[in-house]
Amino acid sequence: MLEWVLYYGAYCLAGLTLKLGDDLLDELDKPTIALGPLALSGLLFGLVMTVSEWDLVLLSAIVVGVLLSGKVNRPQFLIGFVMIGIVLFWIGVPVVTSWLDWLVILVALLVAAVLDERGNDWADSNAGRWVSDFFRFRFTLKLSVLILAVVWTAFLPSAIGLWFFDLGYETMGYITRTATTWNSEMQDYSRHP
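Residues numbered from 1 in each chain as written. Predicted model: local features only at pLDDT ≥ 70, side-chain atom pairs only at ≥ 80, totals over all residues. Heavy atoms only, no water.

**What about the nonpolar core?**
In a soluble, globular protein the nonpolar side chains are often hidden away together inside. To keep it simple, the criterion reads: Residues grouped as a nonpolar core are buried Ala, Val, Leu, Ile, Met, Phe, Trp, Tyr and Cys residues, joined through side-chain atoms within 4.5 Å. The buried label applies to any residue whose accessible area, calculated with a 1.4 Å probe on protein chains only, is under 20% of its type's maximum; exposed applies above 50%, and partly exposed to all values in between. Numbering goes from the N terminus for both helices and strands, where a helix is a DSSP run of H or I of at least four residues and a strand is a run of E of at least two. Note on contacts: a residue pair qualifies if any of its non-hydrogen atoms lie within 4.5 Å across the two residues.
In terms of nonpolar packing, the biggest core is built from 35 residues, with Tyr11, Phe45, Ile105, Leu109 and Phe155 touching the most fellow members. Elements that contribute at least two residues to this core include exactly helix H1 (2-26), helix H2 (31-49), helix H3 (53-69), helix H4 (78-91), helix H5 (99-126), helix H7 (139-151) and helix H8 (156-185). Broken down by element, this core gets its largest block of residues, 8 residues, from H3. Sequence-distant contacts of Phe155, defined by excluding residues within four places in its chain, comprise Trp54, Val57, Leu58, Ile105, Leu109, Val145, Leu148 and Ala149. Leu24, Ala34, Leu38 and Phe77 belong to the second largest nonpolar core, which has 5 residues in total.

**Looking at H7**
The condition is simple: For a helix, the expected span equals 1.5 Å multiplied by the number of residues minus one.
For H7, spanning 13 residues, the distance from its first C-alpha to its last is 19 Å, which sits close to the expected 18 Å at 1.5 Å a residue. Residues of H7 that are buried include every one of Thr140, Leu141, Lys142, Ser144, Val145, Leu148 and Ala149, and no others.

**Regarding the pattern of salt bridges**
To be explicit about the condition: Think of a salt bridge as a Lys or Arg side-chain nitrogen and an Asp or Glu carboxyl oxygen that are within 4 Å of each other.
Counted under the stated rule, the structure contains 3 salt bridges. In this structure, the salt-bridge partner of Asp26 is Arg74, at a minimum N-O distance of 3.6 Å. A residue pair is termed long-range when its members are at least 10 positions apart, and Asp26 in helix H1 and Arg74 in the loop between H3 and H4 qualify at 48 residues. Accessibility expressed as a relative area gives 40% for Asp26, which makes it partly exposed. Residue Arg74 is classed as partly exposed on the basis of its relative accessible area of 25%.

Dropping the structure here:
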């Protein structure tokens, strides 16, 4: 039981720290502080990627998808990639039992990620709230992992892991939005000139 808590906790913390680092860069303009959460996120990504071939394919798809979508737009993100590489080199990459299955899953996840990105851009300007929320919360990818887990049942723990990853990611996004809204609504009542 404890190993599942640690496993899904690592997924959740990977998402949370990734979003924290991203928000420190984009929303709060704290690039030096962002290095810490981004390094921790990379470490967690690397650790989870070493657990199984299924975790490796899922998180590889996320990494490749982020790179292809152009979201890696600041040099501070490099620390996360370095940490992933160090962990995979140090611990080792899991054995892939079927490269064909692994590549099919990778391509399916990449297509789902691209659909989410494109759908998010399209839905912001052209669709109603339901469709916009579907793409904003990346449900194409989330539903795709569950469908893939029906075919490749050993992929199910990793599929659930994506939901925990996203829980951490969205939780941090909510915290950041709430904090920045609260700060912008506060007025400076300083009595000093």
